[in-house]
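Here is what each chain is made of, one letter per residue.
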Amino acid sequence: MSEEKNVTCIVCPSGCRIKVSIEGGEIAGISGNLCKRGADYARAEVTQPMRVLTTTVRLEDGHLLPVKTARPIPKALIFEALKELSGVRVKTPVEIGQVVYSNVAGTGVDVVATRSWN
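Model, not experiment: these values are computed from the prediction.

S.K.: Which residues make up the sheet that holds strand β5 (residues 54–59), and what are the values?
M.R.: Sheet architecture is open: 5 strands sit in the order β8-β5-β6-β10-β9, paired in mixed fashion. Looking along the sheet, the strands with just one partner apiece sit at the ends: β8 (89–90) and β9 (99–101). In this sheet, β8 lies alongside β5 in parallel orientation, the contact comprising 2 bridges. Paired with Leu-59 across the strands is Val-90, a residue of β8.

This is the structure in structure tokens:
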């Protein structure tokens, strides 16, 4: 069974529209990319899409602290990660880049503060 997926590359400003051909569950071809990075991105996007999660967690005083994952995590685990983070309470002070939660959704990826808070 043949299938085709279209991906818009976000690696560089060119925004290539890449066509990925899939046959028998395997990638049979990639076209439309202007560089190797585009092909690599399209391959990953079709086989295991990854995303950096940006959200907020509660500080102990009730305020919201903006956070993000230190690296992309599998897109399929985003909702699981959000559920885990919904119960997190962080003590102040917090420095930008400080790890506020480790191994989110069992990915081995840390969640870090994107703002300092005293």
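The rest of the description comes next.
S.K.: So, the pattern of salt bridges: which residues are in play, and what are the values?
M.R.: Within the structure shown, the criterion is met by 4 salt bridges. As a salt-bridge pair, Lys-19 and Glu-4 come within 3.9 Å of each other at their nearest N and O atoms. Pair noted here: Lys-19 is in strand β2 (residues 17–23) and Glu-4 is in strand β1 (residues 2–8), with a separation of 15 residues, a long-range link. Judged by relative accessible area, which is 36%, Lys-19 ranks as partly exposed.

S.K.: How would you summarise the sheet that holds strand β3 (residues 26–31) if you had to cite specific residues and measurements?
M.R.: The strand order across the open sheet built from 3 strands is β1-β2-β3, with neighbouring strands paired in antiparallel fashion. Each having just a single partner strand, β1 and β3 make up the two edges of the open sheet. Neighbour-to-neighbour, the strand axes of this sheet turn through a mean angle of 25°, independent of strand direction. The pairing of β2 with β3 spans 5 bridges and is classified as antiparallel. Residue Val-20 lies in a different strand from β3, and its bridge partner there is Ile-30.

The rules we used
- Residues numbered from 1 in each chain as written.
- Predicted model: local features only at pLDDT ≥ 70, side-chain atom pairs only at ≥ 80, totals over all residues.
- Heavy atoms only, no water.
- Pairing = 2+ DSSP bridges.
- Helix = DSSP H or I, 4+ residues; strand = E, 2+ residues; numbered from the N terminus.
- Salt bridge = Lys/Arg side-chain N within 4 Å of Asp/Glu carboxyl O.
- Buried < 20%, exposed > 50% of the residue type's maximum accessible area, 1.4 Å probe, protein only.
- Axes fitted to C-alpha atoms, helices over the stretch in contact; angles between N-to-C directions.

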